[in-house]
Amino acid sequence: MEKILSKVAPWLPSARRNPGAGESLSASIRVLDDADTAALRALVSTDPVANIFMDAQLAVTGSARPGLGGSLIVGRFDGALLVSACWIGANIVPINVTAEDAEEFGHVVKSLNRSFASCFGPADAVMGMWKVLAEGPQQAFSVRPNQPFMTLSKAPAIEPEPSLRASHAGEYDLVLPACALMFEEELGYSPLVNGGSFYRSRVRSLIHSGHSLIALDTEGAIRFKAELGTVTTRATQIQGVWMNPEHRGGGKAAGYMAAVSDYALRLAPTTSLYVNDYNAPALATYRKVGFEEVGEFATILF
């Protein structure tokens, strides 16, 4: 699943709410602040692989307080104990949200009167929130309720393809079109519409960080590519997996994925990914490499 989202939502709220740190938004949910940072870290640590998005955000910001651009984290409390949370920015990302409290989070998100690019995470939480958000003013263009969440914490089960490597800055003009083609194939629109400045910056960042992985064919075109879209000291998440259509069906995908996994496992002890349940070839490839299904994610695209 490609997480580099740049589409501008067609619905623009007329009265966007920007609640302050510590503000109560429901009977048990309020905006988190600096003082909640340790509790949020502890919550994320209950499953740092599934919660990798929030783990990575905390590594950058160092705090649970509202951030630049109006992003914020809201938390549900049982007395003084933080039991679940939700990142609210360009995307909506639930953290340890159960099916039972998902609708309450949905009502809180809806009350903020904002537009979003996506909501993604564990399926019970996302689909529970969607029961509420589906009645809101912003319409989804794709609902993907069943996405196997898979992890690998040991050496790949098959030999990695040795030609896979990290791309370098001089290959940006080669990497960008492949990333854009994968994105359009997955989501149905080009990320480069109206210039795609955010998308271009994101691709450059992935290359600069060594998290853009490619394999070239004999003519110097990209045969296969993938990204480590999120990286922490505890886990990585593989995204943007793409085989050039000219080379599909040749039996190379598993070897390339083994190489991506081998690279990822040098950075953190576990690597993960999630995939649409109807993508049988991809599921078969990941299982061949040694990935095991440990849960289910869902994604709502707006």
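Residues numbered from 1 in each chain as written. Predicted model: local features only at pLDDT ≥ 70, side-chain atom pairs only at ≥ 80, totals over all residues. Heavy atoms only, no water.

K.L.:
Looking at this structure, I do not really get the overall build of the protein. What am I missing?
P.N.:
What the protein contains, in helices and strands, is eight helices and twelve strands. For the C-alpha atoms alone, the extent of the protein along its principal axes is close to 60 × 40 × 35 Å. Each of the 302 residues in the protein was classed as buried or not, and the buried ones make up 53%. Taking the average location of the 25 positive side-chain charges in the protein and that of its 30 negative ones, the two points are 3 Å from each other. (Helix = DSSP H or I, 4+ residues; strand = E, 2+ residues; numbered from the N terminus. Buried < 20%, exposed > 50% of the residue type's maximum accessible area, 1.4 Å probe, protein only. Lys, Arg positive; Asp, Glu negative; His and termini not counted. Charge placed at Lys NZ, Arg CZ, Asp CG, Glu CD.)

K.L.:
Would you take a moment to explain the sheet that holds strand β9 (residues 222-231) for this structure?
P.N.:
Sheet strands associate in pairs through backbone hydrogen bonding, adopting either a parallel or an antiparallel arrangement. Overall, mixed pairing links the twelve strands, which are arranged β1-β2-β3-β4-β5-β12-β6-β11-β10-β9-β8-β7 in an open sheet. Edge positions in the sheet fall to β1 (29-31) and β7 (165-166), since each has one partner strand and no second. Bridge analysis of strand β8 (residues 212-216) against β9 gives five bridges, and the strand direction is antiparallel. Bridge pairing links Leu 213 to Ala 226 in β9. In the packing of helix α5 (residues 172-187) onto the sheet, contacts are made with β6 (142-152), β8, β9, β10 (236-243) and β12 (292-301), and the angle to β9 comes to roughly 80 degrees. (Pairing = 2+ DSSP bridges. Contact = heavy atoms within 4.5 Å. Axes fitted to C-alpha atoms, helices over the stretch in contact; angles between N-to-C directions.)

K.L.:
Quick question: what am I supposed to make of the nonpolar core here?
P.N.:
For soluble globular proteins, the rule of thumb is that nonpolar side chains tend to be buried together. Formed by 25 residues in total, the largest nonpolar core has its most connected members in Val 74, Cys 86, Ile 88, Ile 92, Phe 105, Val 109 and Met 129. Only β1, β2 (72-78), β3 (81-88), α3 (99-111), α4 (123-133) and β12 provide two or more residues apiece to this core. Here this core gets six residues from one element, more than from any other, and that element is α4. Among all residues touching Met 129, those that are not within four sequence positions of it are Cys 86, Ile 92, Pro 94, Ala 102, Phe 105, Gly 106 and Val 109. (Core = buried A, V, L, I, M, F, W, Y, C linked by side-chain atoms within 4.5 Å.)

K.L.:
Honestly, the pattern of salt bridges in this entry has me stumped. Any pointers?
P.N.:
Where charged atoms from two side chains of opposite charge come close, those side chains can pair. Within the structure shown, the criterion is met by 13 salt bridges. Notably, a salt bridge pairs Lys 131 with Glu 103, separated by 4.0 Å at the nearest N-O pair. Residue Lys 131 is found in helix α4, and its partner Glu 103 is found in helix α3; the two are separated by 28 residues along the sequence. The exposure class assigned to Lys 131 is exposed, which follows from its relative accessible area of 58%. (Salt bridge = Lys/Arg side-chain N within 4 Å of Asp/Glu carboxyl O.)

K.L.:
Help me out: how do you make sense of the confidence of the model for the protein in this one?
P.N.:
Looking at the protein as a whole, its pLDDT mean stands at 93, while 95% of the residues score no less than 70. Segment residues 4-13 is flagged for pLDDT under 50; beyond a separation of four residues in sequence, or across chains, it makes 29 contacts in the model. (pLDDT = per-residue confidence, 0-100.)

K.L.:
Would you explain unusual backbone geometry in this entry?
P.N.:
Negative phi values dominate among residues other than glycine, just as trans dominates among peptide bonds. The backbone phi angle of Asn 113 is positive, close to 55 degrees, even though this residue is not glycine. Mapping Asn 113 onto the fold places it in the loop between α3 and β5 (118-122). Non-glycine residue Asn 194 carries a positive phi angle of around 60 degrees. Along the chain, Asn 194 turns up in the loop between α5 and α6 (197-209).

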